[in-house]
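These are the residues of each chain, in order.
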Amino acid sequence: MRGPAEANAPVPAAGQGLAACGLSLHRGGRQLLAGLDLALGPGELLQVCGANGSGKTSLLRVLAGLLAPAAGTLSWQLLPVRGGDARYQRCIGYLGHADGLSADLDAFENLAYAQRLAGARPDRAEALRALRDFGVDEAGGTPLRRLSQGQRRRIALARLVLLARPLWLLDEPLAALDAAATACFTSQLATHLRAGGLAVVATHQLLDLRSRVLQLEG
Ligand SMILES: Nc1ncnc2c1ncn2[C@@H]1O[C@H](COP(=O)(O)OP(=O)(O)OP(=O)(O)O)[C@@H](O)[C@H]1O
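Residues numbered from 1 in each chain as written. Predicted model: local features only at pLDDT ≥ 70, side-chain atom pairs only at ≥ 80, totals over all residues.

As annotated in an unreviewed UniProt entry, the chain carries the name Cytochrome c biogenesis heme-transporting ATPase CcmA and is attributed to Ramlibacter agri.

Quick look at the structure:
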């Protein structure tokens, strides 16, 4: 059942979680965001929709600290986020259009690398569980260059779950996924939210979960 997704719903007061205040952004000579406020608390999902070029990716990159807005501020857990903020970066699970995986490594090696980068000890059993959750455990030993785009996307999503960051910022997570993988991802996202995680998802295909929806007009 689709939850009550409210388009451009009123923004709750900023508090624990992610808050953006007065975000403005120009790109390619166009104003994409003008004084945007948003706040997201534990267990909340924001879906960002809009036509091609309306600014979904740009907004996610601003929220991830990868792109500086022309104006506005960002805060996380009530503290301001500054460029290159390591405290904030450790809390984000960011997945862009590109999967950010090495094509020369297999899934286990990619996941182990990601765990090491995150300062954790690689755990093959945990990696196997995450790959199994996305139905790609049997392909786990194959270099990614020999896998399909959808299989690679599944592995990138398994990495997201494995790293267990509280704030997910996801750009078109359903790209290249079939119906089974879409259902797996939706279930994993619901589990993340139930556990108090937060998520901002840019999508052309609304997820069947209780959420707020931000419609960008571009
Ligand atoms: N690197 C860049 N330099 C200059 N302008 C850019 C750059 N990347 C994007 N833009 C501009 O920003 C606008 C918004 O792009 P963005 O990728 O955020 O849109 P989007 O809503 O994610 O689109 P899509 O649905 O196609 O993924 C684009 O129309 C483009 O004009």
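After that view of the structure, there is still more to cover.
### A closer look at the site of the ligand
Here is the rule we go by: By definition, a residue lies near a molecule or strand provided its backbone-derived C-beta atom is within 6 Å of it. Comment: elements are numbered from the N terminus, with helices defined as DSSP H or I runs of at least four residues and strands as E runs of at least two. As a working rule, the residues Ala, Val, Leu, Ile, Met, Phe, Trp, Tyr, Cys and Pro are called nonpolar, Asp, Glu, Lys and Arg charged, and the rest polar, with Gly in that last group.
Near the ligand you find Arg 27, Gly 28, Arg 30, Leu 32, Gly 50, Asn 52, Gly 53, Ser 54, Gly 55, Lys 56, Thr 57 and Ser 58, and these make up its full shell. Elements with a contribution of two residues or more to the shell around the ligand: strand 3 (30-40) and helix 1 (56-63). For the shell around the ligand, the element with the highest residue contribution is helix 1, accounting for three residues. Considered class by class, the residues forming the shell around the ligand number one nonpolar, eight polar and three charged.

### Description of the packing of helix 4 (residues 124-133) against helix 5 (residues 149-163)
Test applied: Note on geometry: axes are C-alpha line fits, over the in-contact stretch for helices, and angles between N-to-C directions span 0 to 180 degrees. Reported orientations rely on four angle classes, namely roughly parallel under 35 degrees, roughly antiparallel over 145, roughly perpendicular from 65 to 115, and oblique for the rest. By definition, turning the near helix anticlockwise from the far helix through less than a right angle yields a left-handed crossing, and turning it clockwise yields a right-handed one. Any pair of residues counts as being in contact when their C-beta atoms, constructed from backbone geometry, are within 7 Å of one another.
Interaxial distance between helix 4 and helix 5 falls to 8 Å at its minimum, and their mutual angle equals 130°. Judged by the angle between their axes, helix 4 and helix 5 are oblique. Handedness of the crossing formed by helix 4 with helix 5: right-handed. Only Ile 155, Ala 158, Val 161 and Leu 162 of helix 5 make contact with helix 4, whose side of the interface consists of Glu 126, Ala 127, Ala 130, Leu 131 and Asp 133. The residue inventory of the contact of helix 4 with helix 5, partitioned by class, reads seven nonpolar, no polar and two charged.

### Description of the packing of helix 3 (residues 107-117) against helix 4
At a minimum axis separation of 10 Å, helix 3 and helix 4 run at an interaxial angle of 120°. Considering the relative orientation of helix 3 and helix 4, their crossing is right-handed. Contacts between helix 3 and helix 4 pair Ala 107, Phe 108, Leu 111 and Ala 112 from the former with Arg 124, Ala 127 and Leu 131 from the latter. Residues of the contact of helix 3 with helix 4, tallied by class, amount to six nonpolar, no polar and one charged.

### Some points on the nonpolar core
The test is simple: Throughout this description, the term nonpolar core refers to a group of buried Ala, Val, Leu, Ile, Met, Phe, Trp, Tyr and Cys residues whose C-beta atoms join them within 7 Å. Three classes are used. A residue is buried when 20 or more other C-beta atoms lie within 10 Å of its own, exposed when 12 or fewer do, and partly exposed in between, with C-beta atoms placed from the backbone.
Grouped together as the largest cluster of nonpolar side chains are 58 residues, with contacts concentrated most on Leu 63, Leu 131, Ala 158, Leu 169, Ala 199, Val 200 and Val 201. In terms of residue count, the dominant contributor to this core is helix 5 (seven residues). Ignoring any residue separated from it by four or fewer positions in sequence, one finds Ala 199 in contact with Leu 45, Trp 168, Leu 170, Leu 189, His 192 and Leu 193.

### Considerations on helix 5
Selection rule: How far a helix is expected to stretch is found by multiplying one less than its residue total by 1.5 Å.
With 15 residues, helix 5 extends 21 Å between its outermost C-alpha atoms, agreeing within 8% with the 21 Å of an ideal straight helix rising 1.5 Å per residue. The element helix 5 is largely enclosed, with a buried count of 11 among its 15 residues. Restricting attention to buried positions, one finds in helix 5 the residues Arg 152, Arg 153, Arg 154, Ile 155, Ala 156, Leu 157, Ala 158, Arg 159, Leu 160, Val 161 and Leu 162. Against the buried residues of helix 5 lie strand 7 (92-95), helix 3, helix 4, strand 8 (167-171) and helix 6 (179-194). The first or second residue beyond helix 5 is Ala 164, which carries a positive phi of 50°.

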